[in-house]
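In case you want the letters, here they are:
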Amino acid sequence: MPDLQAGLVWTRAAPEDAEGPGPWIEIAFGPGELVHLRETGDPGRVVTTTAQKWEAFTRGVLAGEFDHFAEPGSGALVTDDT
């Protein structure tokens, strides 16, 4: 099986002033209209989706469809108490 990550250019989704290793999500656009996602803490585990599904997801984020995940008490909100 060929190395899935060979030749991919990963872009880290982190604030510009972020320090340290994260954890952050990284994204790479690959051949065949595929989009690859990984976490900096486990770069060997890659989730792959289609460009069409990624575009639908990003449109949903921009439209606020996932804002409820960031609300206190949702169980998904992560805060930095330091």
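Refer to the structure printed above.
Description of the structure in this document.

What counts and what doesn't
Residues numbered from 1 in each chain as written. Predicted model: local features only at pLDDT ≥ 70, side-chain atom pairs only at ≥ 80, totals over all residues. Heavy atoms only, no water. Helix = DSSP H or I, 4+ residues; strand = E, 2+ residues; numbered from the N terminus. Contact = heavy atoms within 4.5 Å. Buried < 20%, exposed > 50% of the residue type's maximum accessible area, 1.4 Å probe, protein only. Salt bridge = Lys/Arg side-chain N within 4 Å of Asp/Glu carboxyl O. Phe/Tyr/Trp six-rings, centres within 6.5 Å; stacked < 30°, edge-to-face > 60°. Pairing = 2+ DSSP bridges. Axes fitted to C-alpha atoms, helices over the stretch in contact; angles between N-to-C directions.

### Structural notes on the overall build of the chain
Okay, step 1: Along its length, the chain carries one helix and four strands.
Okay, step 2: Helices and strands in the chain line up, N terminus first, as β-β-β-β-α.
Okay, step 3: A separation threshold of at least 6 residues defines the contact pool for the chain, and within that pool the share at least 24 residues apart is 18%.

### Comments concerning unusual backbone geometry
Okay, step 1: For E33, which is not glycine, the phi torsion reads 60° and is therefore positive.
Okay, step 2: Overall, the relative accessible area of 62% leaves E33 in the exposed class.

### Remarks on the pattern of salt bridges
Okay, step 1: Under the criterion given, the structure shown has four salt bridges.
Okay, step 2: A salt bridge links E55 to R59; the shortest N-O distance between them is 2.8 Å. Taken as a pair, E55 and R59 lie in helix α1 (residues 51–62) at a separation of four residues, close to a single helical turn.
Okay, step 3: Note on E55: relative accessible area 45%, which makes it partly exposed.
Okay, step 4: Ionic contacts of the salt-bridge type, sharing partners, join the residues R12, E26 and R38 into one network.

### Observations concerning the side chain of T40
Okay, step 1: Examined against the element boundaries, T40 turns out to sit in the loop between β3 (34–39) and β4 (42–50).
Okay, step 2: What T40 contacts, discounting residues up to four positions off in sequence, is R12, P21, G22, P23, W24 and E26.

### Things to note about the packing of aromatic side chains
Okay, step 1: Within the structure shown, the criterion is met by three aromatic pairs.
Okay, step 2: An angle of 40° between the planes, with centres 5.3 Å apart, marks the rings of F57 and F66 as tilted.
Okay, step 3: We classify F57 as partly exposed; its relative accessible area is 38%.
Okay, step 4: Ring centres of F66 and F69 lie 6.3 Å apart, and the angle between their planes is 20°; on these two criteria the pair is classed as stacked.

### What about the sheet that holds strand β1 (residues 11–13)?
Okay, step 1: Taken in spatial order, the four strands line up as β1-β2-β3-β4 in an open sheet, and their pairing is antiparallel. Since the sheet does not close on itself, it has two edges, and those belong to β1 and β4, each with one partner. Ignoring which end each strand starts from, the neighbouring axes of this sheet average 30° apart.
Okay, step 2: Across six bridges, the pairing between strand β2 (residues 25–30) and β3 is antiparallel. Within the sheet, the bridge partner assigned to A28 lies in β3 and is H36.
Okay, step 3: Lying on the sheet, α1 is in contact with β2, β3 and β4; it crosses β4 at an angle near 95°.

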